[in-house]
Amino acid sequence: EAVGMEELEAAQARGARIYAEMLGYGLSSDALHPTVPDAGGISRAIQDAERQTSGEVVVHVETSYAADPYLRAQYWFNKLGLHRTLARNGVLILIIEKQRRFAILGDSGIHQAVQQDFWDAEAAELQSYFIKGQYIDGLCVVIARIGEKLRNSFPYTALDKNEFSDHLNFAD
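Remember, it's a predicted structure, so these values are computed and weren't measured experimentally.

Cut-offs applied
- Residues numbered from 1 in each chain as written.
- Predicted model: local features only at pLDDT ≥ 70, side-chain atom pairs only at ≥ 80, totals over all residues.
- Heavy atoms only, no water.
- Helix = DSSP H or I, 4+ residues; strand = E, 2+ residues; numbered from the N terminus.
- Pairing = 2+ DSSP bridges.
- Contact = heavy atoms within 4.5 Å.
- Axes fitted to C-alpha atoms, helices over the stretch in contact; angles between N-to-C directions.
- Core = buried A, V, L, I, M, F, W, Y, C linked by side-chain atoms within 4.5 Å.
- Buried < 20%, exposed > 50% of the residue type's maximum accessible area, 1.4 Å probe, protein only.
- Parallel < 35°, antiparallel > 145°, perpendicular 65-115°, else oblique.
- Left-handed = near helix turned anticlockwise from the far one by under 90°.
- Expected span 1.5 Å × (residues − 1).
- Arc of directions from axis to C-beta.
- Polar contact = N/O pair within 3.5 Å; in protein donor to acceptor, adjacent residues only side chain to side chain.

**Student:** Just checking my understanding: could you explain unusual backbone geometry for this structure?
**Tutor:** Note: most peptide bonds trans; most residues except glycine with negative phi. At R88, a position not held by glycine, the phi torsion is positive, near 55 degrees. For Q115, which is not glycine, the phi dihedral falls at a positive 70 degrees. Within the element layout of this structure, Q115 appears in helix α4 (residues 108-131).

**Student:** How should I be thinking about the sheet that holds strand β4 (residues 169-170) in this particular structure?
**Tutor:** Strand pairing in a sheet is mediated by backbone hydrogen bonds. Such pairs are either parallel or antiparallel. Sheet architecture is open: 4 strands sit in the order β3-β2-β1-β4, paired in mixed fashion. On the outer flanks of this sheet lie β3 (101-106) and β4, each paired with one strand and no other. When strand β1 (residues 56-62) meets strand β2 (residues 90-96), the two strands line up parallel, connected through 7 bridges. From the neighbouring strand, E56 faces β2, where its bridge partner is G90. The strands touched by α4 are β2 and β3; relative to β3, the strand with the most contacts, the crossing angle is about 160 degrees.

**Student:** Sorry if this is basic, but what is going on with the nonpolar core here?
**Tutor:** Generally speaking, nonpolar side chains in soluble globular proteins are found buried as a group. In this structure, I93, I104, I143 and I146 are the most contacted members of the largest nonpolar core, which totals 26 residues. For this core, the secondary-structure elements that each account for two or more residues are α2 (39-50), β1, β2, β3, α4 and α5 (135-153). Dropping the residues within four chain positions of it, I143 is found in contact with I42, A45, I46, A49, V57, V59 and I93. If you look at the next biggest cluster of nonpolar residues, it comprises 11 residues, including V58, F77, L92 and L105.

**Student:** Explain the packing of α4 against α5 here, please?
**Tutor:** The relative placement of two packed helices is expressed as an angle between their axes plus a distance between the axes. α5 packs onto α4 with a crossing angle of 165 degrees between their chain directions and a minimal axis gap of 9 Å. By the criterion of interaxial angle, the relationship of α4 to α5 is roughly antiparallel. The element α4 and its partner α5 pack so that their crossing is right-handed. Contacts between α4 and α5 involve I110, A113, V114, F118, W119, A121, E122, E125, L126, Y129 and F130 from the first element and Y135, D137, G138, L139, V141, V142, R145, I146, K149, L150 and S153 from the second.

**Student:** How do you make sense of helix α3 (residues 69-80) when you look at a structure like this?
**Tutor:** Residues spaced three or four apart along an α-helix point in a common direction, a consequence of the helix completing one turn every 3.6 residues. Compared with the 16 Å implied by 1.5 Å per residue over 12 residues, the 16 Å span of α3 between its first and last C-alpha is a close match. Among all positions of α3, only P69, R72, A73, W76 and F77 are buried. For α3, the angular spread of the buried residues around the axis is 140 degrees, confining them to a single face. The elements touched by buried residues of α3 are β1, β2 and β3. At the N-terminal end of α3, a side-chain oxygen is found 2.9 Å from the backbone nitrogen of Y70, two or three residues along, and the residue is D68. Among the residues trailing α3, G81 stands out with phi positive, at a value near 85 degrees.

Here it is as structure tokens:
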């Protein structure tokens, strides 16, 4: 025998016998993080993006923040020290899980090189992936595109060093 689930009103309308009503449910995940199951893919995307540039990309995840994500990105940008890169070419992608919001913030050097239209396009691209629940794919695509712009304006030199971790950064 099989058991099916449907909306209560639909089952009652067709005269079905009601055996149980689901009042709630739970969800668990055995992943590294419940909303970011393949953090390694994001780390690889960051490494690939930074391989040919002096620029730095940081993805920071915060559980909850109800106010403007751009203001929170500014806070984390400064707290993490992304403004201290020599060429002012650090980029922060802030993900706020509970509110399902994000912000992308580039330092003055990269912002001058790409202008606001680029950031708006990347935000729209990331949003389109997030709407479909494709968080990892969206982050990887946007990180790669940011990496291209960084590479074009800030190519890698022998003196460059990786100033920030390529792994996801989680709020304390």
